[in-house]
Amino acid sequence: MIIIGIFGSRGKSFVGDVLLEFFKKHKKNAYVIGTKDDSEESFFNLLRNSIDYIIIEISREDIINNKINKINKIKFDILIHTALEYEKESLIKSYQNLISNLKENGYIILNADSIQKIDYVCEKVYPITYGLNERTTVSASSIDDMNELCFSYCLQRSIVTINGKLVQPFEKPLKVKGKYQDVYYYLAALSTALCLDYEF
């Protein structure tokens, strides 16, 4: 079972929904624990089921209300950072602590264009950055949302998947539902799928 956590100021549900739809399309048993659920209780209840992927949307309220200690019992394979906008320093520190809950050789998928940045130690985790600039691992080009959202997903540097497969840089045009700003959420979700050895 692969455990994926999503955190940030916005976009968690969007990324979770894209991943859920993607996994179901590939005939995988996936479940989303939303921001209104009790993450710890829901998570340990799911352990009794045969599930391929658990996606946990970690709300800022969980962290502010000190539920982060419960979430800290969960070891993540992948953590996705959607965006941080003018959050308090204490919340940023809690997010940084959350990253230490990644399993060894796990992935942290970071929005490089986020207003606020996160410092993290990546000795035993695999960082992948995404955004609309040339310095990120993953970017997008040719974005158009006139009728539907069209863009090219651009892997700009090689990555190694969870099963040790090397994926070389590539560019692929896509058509999806959404608006211009949703490109970030698709980059995060598709990069997660790529890390898990899926093609799209």
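Residues numbered from 1 in each chain as written. Predicted model: local features only at pLDDT ≥ 70, side-chain atom pairs only at ≥ 80, totals over all residues. Heavy atoms only, no water.

1. A look at the pattern of salt bridges
Once their charged atoms are close, side chains differing in charge can pair, the charge on each being opposite to the other. This is how the line gets drawn: Put simply, a salt bridge is a Lys or Arg side-chain nitrogen that is within 4 Å of an Asp or Glu carboxyl oxygen. Helix and strand definitions follow DSSP, with helices as H or I runs of at least four residues and strands as E runs of at least two, each counted in order from the N terminus. Classification of residues uses two cut-offs on accessible area relative to the type maximum, computed with a 1.4 Å probe and protein chains only: under 20% is buried, over 50% is exposed, and between them is partly exposed.
Under the defined criterion, the tally for this structure stands at two salt bridges. In this structure, the salt-bridge partner of D77 is K103, at a minimum N-O distance of 3.3 Å. Highlighted residues: D77 in strand β4 (residues 76–81) and K103 in strand β5 (residues 102–111), separated in sequence by 26 residues. For D77, a relative accessible area of 10% corresponds to the buried category. Here K103 falls in the partly exposed class, since its relative accessible area comes to 31%. Of the charged contacts, one joins E199 and K165 as a salt bridge, the two residues approaching to 4.0 Å between their closest N and O atoms. You can see E199 sitting in the segment after α6 (183–195) and its partner K165 sitting in the loop between β9 (159–160) and β10 (166–167), a full 34 residues away along the chain.

2. Let's talk about the nonpolar core
Convention followed: Throughout this description, the term nonpolar core refers to a set of buried Ala, Val, Leu, Ile, Met, Phe, Trp, Tyr and Cys residues connected via side-chain atoms within 4.5 Å. Contacts were defined at the residue level, with two residues in contact if any of their heavy atoms lie within 4.5 Å.
Counting residues in each nonpolar core, the largest one holds 43 residues, and the members touching the most others are I4, F23, I80, F151 and Y153. With 11 residues, the top contributor of residues to this core is α6. Ignoring sequence-local partners within four residues, the contact set of F151 consists of A140, S141, S142, I143, K172, P173, L174, V176, V183, Y186, L187 and L190.

3. Some details on α6
Three or four residues apart is the spacing at which side chains of an α-helix point the same way, because the helix has 3.6 residues per turn. What counts, and what does not: Here the expected span of a helix is defined as 1.5 Å times the quantity of residues minus one.
The end-to-end C-alpha distance of α6 is 18 Å, a good match for the 18 Å that 13 residues give at a rise of 1.5 Å each. By the criterion of burial, α6 is predominantly enclosed, with 13 of the 13 residues buried. Positive phi appears at D197, one or two residues downstream of α6, with a value of about 75 degrees.

4. What about the environment of S152?
Within the secondary structure, S152 is located in strand β8 (residues 149–155). When near neighbours in sequence (up to four residues on either side) are disregarded, S152 contacts S139, A140, S141, S142, E171, K172 and P173.

5. Let's talk about the layout of surface pockets
One simple way to see leftover space: roll a probe sized like a water molecule over the atoms. For the record, the criterion: With a 1 Å grid spanning the protein atoms alone, the term cavity applies to any set of points in which a 1.4 Å probe fits but cannot get out, the term pocket to an open set with protein on both sides within 12 Å along at least five of seven lines, and the term lining residue to any residue with an atom within 4 Å of a point. Grid points are joined across faces, edges and corners, and a volume is the space filled by probe spheres set on the points. Three categories are distinguished: nonpolar for Ala, Val, Leu, Ile, Met, Phe, Trp, Tyr, Cys and Pro, charged for Asp, Glu, Lys and Arg, and polar for the others, with Gly belonging to the last.
Within this model, the largest pocket holds a volume of roughly 380 Å³. V18, E21, F22, V176 and Y186 are, among the 14 residues lining the largest pocket, the residues nearest its centre. When residues of the lining of the largest pocket are traced back to their parent elements, those giving at least two are α1 (12–25), β11 (170–176) and α6. In terms of residue class, the lining of the largest pocket is made up of 10 nonpolar, no polar and four charged.

6. Re the environment of K75
Mapping K75 onto the fold places it in the loop between α4 (68–71) and β4. Classification of K75 as partly exposed rests on a relative accessible area of 43%. Residues K75 and G5, 70 residues apart in the sequence, show an inter-C-alpha distance of 9.4 Å. The contact partners of K75, leaving out residues within four places of it in the chain, are I3, S100, N101 and K103.

7. A few points about the packing of aromatic side chains
Quick note on the threshold: Centres within 6.5 Å make a pair out of two Phe, Tyr or Trp rings, where for Trp the six-membered ring is used; the pair is then stacked when the planes are under 30 degrees apart, edge-to-face when over 60, and tilted otherwise.
For the coordinates displayed, the defined rule picks out 12 aromatic pairs. Relative to Y185, the ring of F14 lies with its centre 5.3 Å away and its plane at 40 degrees, an arrangement referred to as tilted. Here F14, found in helix α1, pairs with Y185, found in helix α6; they are 171 residues apart in sequence, far enough to count as distant. For Y185, a relative accessible area of 8% translates into the label buried. Between F22 and F23 the ring centres are 6.2 Å apart and the planes differ by 75 degrees, which places this aromatic pair in the edge-to-face class. Like F22, the residue F23 is buried in the burial classification. Members of the aromatic cluster, connected to one another through ring pairs, are F14, F151, Y185 and Y186.

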